[in-house]
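Chain and residue survey
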2 protein chains.
Amino acid sequence: MALKKKPVNGMKDILPAEMAVRMYVIGLIRETYDAFGFSSIETPAVEHIGNLLSKQGGENEKLIFKILKRGEKLDLSQPTTEDAVTDSGLRYDLTLPLSRYYANHANELPSPFKALQIGSVWRADRPQRGRYRQFTQCDIDILGDPTYLAEIELILATTTVLGKLDFHNFTIRINDRKILKGMAAKAGFAESDYDKVFIILDKMDKIGLEGVRAELLESYPEEIVTPYLAQFEEGADPAALMEGSPLPQIISTVEATKTADFKVKFDPTLVRGMSYYTGPIFEIAMDEFGGSVGGGGRYDEMIGKFTGQQTPAVGFSIGFERIIMLLLERGFKVPGAREKIAFLVEKKMPDERLTEVFEEAQKERAQGKAVAISIMKKNKKFQKDQLAAEGYTEIREFFAK
Amino acid sequence: MALKKKPVNGMKDILPAEMAVRMYVIGLIRETYDAFGFSSIETPAVEHIGNLLSKQGGENEKLIFKILKRGEKLDLSQPTTEDAVTDSGLRYDLTLPLSRYYANHANELPSPFKALQIGSVWRADRPQRGRYRQFTQCDIDILGDPTYLAEIELILATTTVLGKLDFHNFTIRINDRKILKGMAAKAGFAESDYDKVFIILDKMDKIGLEGVRAELLESYPEEIVTPYLAQFEEGADPAALMEGSPLPQIISTVEATKTADFKVKFDPTLVRGMSYYTGPIFEIAMDEFGGSVGGGGRYDEMIGKFTGQQTPAVGFSIGFERIIMLLLERGFKVPGAREKIAFLVEKKMPDERLTEVFEEAQKERAQGKAVAISIMKKNKKFQKDQLAAEGYTEIREFFAK
């Protein structure tokens, strides 16, 4: 009968203090994105297993929590396979469900459609510090807008949230898959090698230009590698690299109208993992966090592959869990929290007197205060200390008289 | 490659209009319960299969979405069983995870602990109109308070939410499992028969006193059934039935301090399904909805069974999905929604001009308005009609000049 007390491996319970920060940030995100015309939507946590395994999820498809068929559909009396015993699984991101959602409801939705999703996703990753198997993603996507107005809106909206949370001096790194490909083509790489080349290029931050060169030379001849890397070296002309791309317009408009304290920086080495990106890609870099705290890009071909109807799309995912972690580390206090009053009531209170206590509590609540009523304990000092630690700034005691 | 467009069987996508109502109600619930001193918490959607199957969930245990083991732990090469291939499942309610959470974290939590949980639960129920296999539950629980102050707090908090949502003239039906048992004992039923008797009594609403009598007589002698039912008949003295129970105090205090338009009514036929209840039980009845829109009760023994440490507990679950359904049927409009302005921008706008457009948008947003910027389409009339239908009350057009 004894219950396992810990959460399942790699998942976590959220305590009140962290939860208060999470709820505040979610509220701020919804409010901010609302001002940019995004509409909240929701899809089920459970998706068709066929959709999840449709090769859009990259490595994440190996990390799916699969759900067992039920009733007559499940046959375990013979040797069988995973495919035969599962019909669904937990979503590993919010982009795939969004594609399905849009395919299902396009007729009921405006065009362009600006979607906001905040929800849990699940990945059976190797558990490690600060990474959990259930975590919250927070995505905005604009579907049906082929122009770079969409990229500008996404970057302005996301950075406005970060600014309101008092993040400063961060960088939006921006690149374009078309520039990436153009540079690889110019050097002479075959198109079939691009993905492999970009995976190596993506390590520039960690191993530097010489590290990238060494790795490329393991698979490709110097006549290609040297002119390729020359394009990234100091002195390369960003304007020339960006020619024909919408990046200059995106950068200049964002810089001119931003509300937060950040820079947009063209970075021709930015790759972003997912191969489904087709145009501009971007990532939030913060010095206080050694890595990305969000990113996204244009993926004009993904929805069409699913629905048969070409639909331009671009999305930006804020690294919700990382933002929360940074705020908690910083000792973030939720602004505008209610004043908290604890009412301690002596045991065996006559009915009329108890009614008075609740009347007083209701009055305080009506005036915006939080009131918690509980019985006075024998160890009143301990009880009061505990309440003070919980943020109760006033304690009122009530006796039978 | 084609994607299945519909959600998995029995689950649903939530469109923006419903989502706006859901988000508003969730915000109102959090705000109201906050004023009563409840703290938001969260547990993972996935629970240990052993916990889920620990016999606290009644019939719900038959409806679990079970999750397949992964990697080496999964062996399908031999005939096997469900137990052998699953290690976890989706939670079917929020009460069981709360027990585990409390067992895991009691040392870090205040006593009494007032918890608010809003989250999805999953049940592989037969799909039917208006009932889904993933739905939101919204529970408040007070752990560690053995006194009826907790019941009063729960009822006041829950009814305050309903009042703020403009529900009127509803009823909180209240009973006490101790009264239920006392009445059965007095008539001469054996304790082992109580659950069966109460299941029949619970049908009073549907089949009436004579129906209940007929069903009881199928299994029990008239010498027991007749005096048993006489206690429920017109003219039975409620005060006598409630003697020794805290119900009179709960009812009088709630009636004296309530903020919403409802009645608390002692109903000795109220049973509530779950056998884990040990004291007062309650349910929200609304004429406009033929059934319960929420309920709860005291369950002082459940947490102790899991943790080995006796912990009094009482909870109230608001029927979130039913509340949303009633609001949508009523054509509920979210109060305080932003004024929405659509900016339509001519294609091929020079950079400086585009910057002006975004500057204007940012100004409007800073003043609390929602602005969505998009490219002017060829069929501008259709585009404008669509925007109007989406609630955009102003449309501004921008040309290259």
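Residues numbered from 1 in each chain as written. Chains lettered and ligands numbered in written order. Predicted model: local features only at pLDDT ≥ 70, side-chain atom pairs only at ≥ 80, totals over all residues.

The next subject is the overall build of chain A. Scanning chain A from N- to C-terminus turns up 15 helices and 14 strands. Its C-alpha atoms give chain A principal-axis dimensions of about 95 × 65 × 45 Å. Taken over 401 residues, chain A has a buried fraction of 45%. Of the contacts made within chain A by residues no fewer than 6 positions apart, 70% connect residues no fewer than 24 positions apart. (Helix = DSSP H or I, 4+ residues; strand = E, 2+ residues; numbered from the N terminus. Buried ≥ 20, exposed ≤ 12 C-beta atoms within 10 Å, placed from the backbone. Contact = placed C-beta atoms within 7 Å.)

A few words now on the relation of the copies chain B and chain A. The two copies are related by a screw motion: chain B maps onto chain A through a turn of 180° and a shift of 0.0 Å along the axis, at an RMSD of 0.1 Å. Put plainly, the chains are arranged around a two-fold axis. (Least-squares fit on C-alpha atoms with pLDDT ≥ 70 in both.)

For the rest of this paragraph, the subject is the interface of chain B and chain A. Each side of the interface is counted separately: chain B has 94 residues, and chain A has 94 residues. Among the residues forming the side of chain B that touches chain A, the class breakdown is 41 nonpolar, 29 polar and 24 charged. (Nonpolar A, V, L, I, M, F, W, Y, C, P; charged D, E, K, R; others polar.)

Right, let's get into the domain arrangement of chain A. According to the domain assignment, chain A contains domain 1 (11-146 + 300-337) and domain 2 (340-398). Between the C-alpha centres of domain 1 of chain A and domain 2 of chain A the distance comes to 42 Å. (Domains from an automatic or database assignment.)

What follows concerns helix α5 (residues 149-164) of chain A. Every α-helix carries 3.6 residues per turn, so stepping three or four residues along brings you back to the same face. All names here are of chain A. Between the first and last C-alpha of α5 there are 23 Å, a value that for 16 residues agrees with the 22 Å anticipated at 1.5 Å per step. In terms of burial, α5 is a largely internal element, 14 of the 16 residues being buried. Of the residues one or two after α5, Asp-166 is the one with positive phi, at around 70°. (Expected span 1.5 Å × (residues − 1).)

Below, the discussion takes up the environment of Ile-251 of chain A. Residue and element names in this part refer to chain A. With respect to the helices and strands, Ile-251 occurs in helix α11 (residues 247-257). For the pair formed by Ile-251 and Ile-152, sequence separation is 99 residues and the distance between their alpha carbons is 8.2 Å. Contacts of Ile-251, omitting those with residues within four sequence positions, involve Ile-174, Val-264 and Phe-266.

The next point concerns the pairing of strand β12 (residues 340-345) of chain A. Each regular strand displays side chains that alternate between the two surfaces of the sheet. Residue and element names in this part refer to chain A. By the criterion of burial, β12 is predominantly enclosed, with 6 of the 6 residues buried. Residue alternation in β12 divides its side chains into two sets, Lys-340, Ala-342 and Leu-344 and Ile-341, Phe-343 and Val-345, and both sets are buried. Of the pairings in the sheet, the one linking β12 to strand β13 (residues 370-375) comprises 6 bridges and is parallel in character. Note on β13: the bridge partner recorded for Lys-340 is Ala-370. Crossover connection from β12 via helix α14 (residues 351-366) to parallel β13: handedness right-handed. With 5 bridges connecting them, β12 and strand β14 (residues 394-398) associate as parallel partners. Counted as the bridge partner of Phe-343 is Arg-396 from β14. (Pairing = 2+ DSSP bridges. Right-handed = clockwise from strand over helix to strand, strands pointing away.)

Moving on, we come to the sheet that holds strand β1 (residues 39-40) of chain A. Residues and elements named next belong to chain A. Ordered by their spatial adjacency, 8 strands build an open sheet running β1-β5-β6-β11-β10-β9-β7-β8, and the pairing between neighbours is mixed. Looking along the sheet, the strands with just one partner apiece sit at the ends: β1 and β8 (262-266). Note that strand β9 (residues 280-286) and strand β10 (residues 291-298) share 4 bridges and pair antiparallel. Considered in β10, the bridge of Ile-281 is made with Gly-297. Each of β1, β5 (113-122) and β6 (134-143) is contacted by helix α1 (residues 16-35), which is oriented at about 160° to β5, the strand it contacts most. (Axes fitted to C-alpha atoms, helices over the stretch in contact; angles between N-to-C directions.)

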